[in-house]
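Each chain, written out:
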Amino acid sequence: MQIRLRALRYFIAAAEAGSVSEAASNLNLSQPSISTAIMQIEEDLNIQLFVRLPSKGIRLTPQGSEVLKEARQLIATVEEFRASVDAVSGQMQGDLSFASFLNLGSSYMSDIIKSFQDQYPNINVQMKDYNQQEIFDALLTGKVEMAMTFDLNLPPVFDVRYVATKEPFAVLPFGDPLASQESVSIEDLAARPFILMDLPHTAEYFQSLFQNMGLAPNIRYRTRTFETVRTFVASGLGVSILNLKPGIDSTYNRKKVVIRPIKQRLRPLKIVLLQYKRLRSRKIAETFANHISDYFAQTP
């Protein structure tokens with residue numbers, strides 16, 4: 001049995017796209033090239049990798065899912081070997097698949113990746129934006145090698161590296177009476193309509209800030225995006241709590257929000273780097289992790 005690495009890359013691309021035609025388009029190849037590679041792997045392994053769904057693309061079989069994990073690990077090992085060889089000549093290069101929690105991506109990742117590329121121009125960080133549960137799934141299936149997220153319900157199967165702490169704060173409409181105070185209480189926020197960041201694990205965290213004080217938020221609106229929370233607050237539709245502060249107080253709807261500390265000591269969120277314990281960490285990943293740690297150490 002001799003399976004070519006190129007065929008494995010085509011298989012991974014098709015699995016991630018859920019479509020042979022889309023994988024071919026992404027790789028700038030013909031559909032027959034992708035199909036032939038998949039059929040060759042199936043023949044060599046004597047298993048079926050995909051279920052073909054008419055007009056709906058392809059879906060991994062249980063065996064295909066296991067092969068996908070191993071294929072991703074093998075490709076990562078090959079990339080590590082290549083990076084080790086390059087290191088002999090003083091260079092470091094290769095690809096790193098990385099996931100960032102949605103709000104962290106917009107807040108930090110552009111600066112992190114730009115400064116990293118300036119230092120390591122031959123390392124290509126392939127970043128994906130996910131919510132918490134999507135990050136867990138991507139790490140467990142080998143879709144990404146490392147992730148940056150918050151310390152929310154972290155499974156014990158991950159290696160965890162803490163890089164920063166973010167305290168919760170109140171987000172208020174400009175001109176609101178609460179905004180004239182130096183700080184606000186959790187009771188003040190519980191009495192107002194609340195705009196909830198409604199993502200897996202994230203929503204539970206914000207609600208727990210009230211529940212731990214014997215209170216319940218008056219949830220008026222739910223949204224999955226950071227900026228929608230801010231625009232709803234800016235429009236006077238309610239108040240909210242967040243842990244990340246953009247560099248400006250204006251929002252997409254050209255209005256403003258005011259941030260104030262919360263009087264009670266509430267559980268902060270910690271920004272962490274995650275890797276699946278069963279996968280050996282590559283030098284490229286360690287280099288990027290160190291760069292992220294240094295970035296937060298130097299960022300106020």
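Residues numbered from 1 in each chain as written. Predicted model: local features only at pLDDT ≥ 70, side-chain atom pairs only at ≥ 80, totals over all residues. Heavy atoms only, no water.

Asker: I keep staring at the sheet that holds strand 5 (residues 146-150) and nothing clicks. Help me out?
Answerer: Strands pair in a sheet through their backbones, by hydrogen bonds, and they do so in one of two ways: parallel or antiparallel. Spatial ordering of the open sheet is given by 4-3-5-12-6, a layout of 5 strands whose pairing is mixed. This sheet does not close on itself; its edge strands, each paired only once, are strand 4 (123-130) and strand 6 (158-166). Here the average twist between neighbouring strands, direction ignored, is 20°. Against the sheet, helix 10 (residues 283-298) makes contact with strand 3 (94-101), strand 4, strand 5, strand 6 and strand 12 (269-276), and its axis sits at roughly 20° relative to strand 6, the strand it touches most. (Pairing = 2+ DSSP bridges. Helix = DSSP H or I, 4+ residues; strand = E, 2+ residues; numbered from the N terminus. Axes fitted to C-alpha atoms, helices over the stretch in contact; angles between N-to-C directions. Contact = heavy atoms within 4.5 Å.)

Asker: Any chance you could explain the nonpolar core here in plain terms?
Answerer: Nonpolar side chains tend toward joint burial in soluble globular proteins. Ranked by size, the top nonpolar core spans 72 residues in total, and within it M148, L189, F288 and F296 carry the most contacts. Counting residues per element, this core draws most heavily on helix 10, at 7 residues. Not counting residues within four places of it along the chain, the set of residues in contact with F288 comprises L96, F98, M109, I112, I113, F116, V125 and M146. With 24 residues, the next largest nonpolar core counts I12, A15, A23 and V67 among its residues. (Core = buried A, V, L, I, M, F, W, Y, C linked by side-chain atoms within 4.5 Å. Buried < 20%, exposed > 50% of the residue type's maximum accessible area, 1.4 Å probe, protein only.)

Asker: It is not clear to me how empty space enclosed by the protein should be interpreted in this structure. Could you clarify?
Answerer: Where empty space is left can be seen by rolling a probe of water-molecule size over the atoms. The final tally for this structure, using the stated rule, is 1 cavity of 30 Å³ or more. The calculated volume of the largest cavity comes to roughly 80 Å³. Around the largest cavity, the lining residues are F101, N103, F150, M197, T202, F206, F226, L242, N243, L244 and L269. Among the residues making up the lining of the largest cavity, the classes are represented as 8 nonpolar, 3 polar and no charged. (1 Å grid on protein atoms, 1.4 Å probe; cavity = no way out; pocket = protein on both sides within 12 Å on 5 of 7 lines; lining within 4 Å. Points joined across faces, edges and corners; volume = space filled by probe spheres on them. Nonpolar A, V, L, I, M, F, W, Y, C, P; charged D, E, K, R; others polar.)

Asker: Is there a simple way to explain helix 2 (residues 20-27) in this structure?
Answerer: Along an α-helix, a turn takes 3.6 residues, which lines up residues three or four apart on a common side. Burial in helix 2 covers these residues: V20, A23 and A24. In a view along the axis of helix 2, the buried residues occupy a sector of 100°, so they form one face of it. Exposed residues lying more than 90 degrees from the buried face of helix 2 are S25 and N26. Looking at the buried positions of helix 2, the neighbouring elements they touch are helix 1 (5-17), helix 3 (31-45) and strand 2 (57-60). N28 sits one or two positions beyond helix 2 and adopts a positive phi of about 60°. (Arc of directions from axis to C-beta.)

Function cannot be read off these values alone, since they describe shape.
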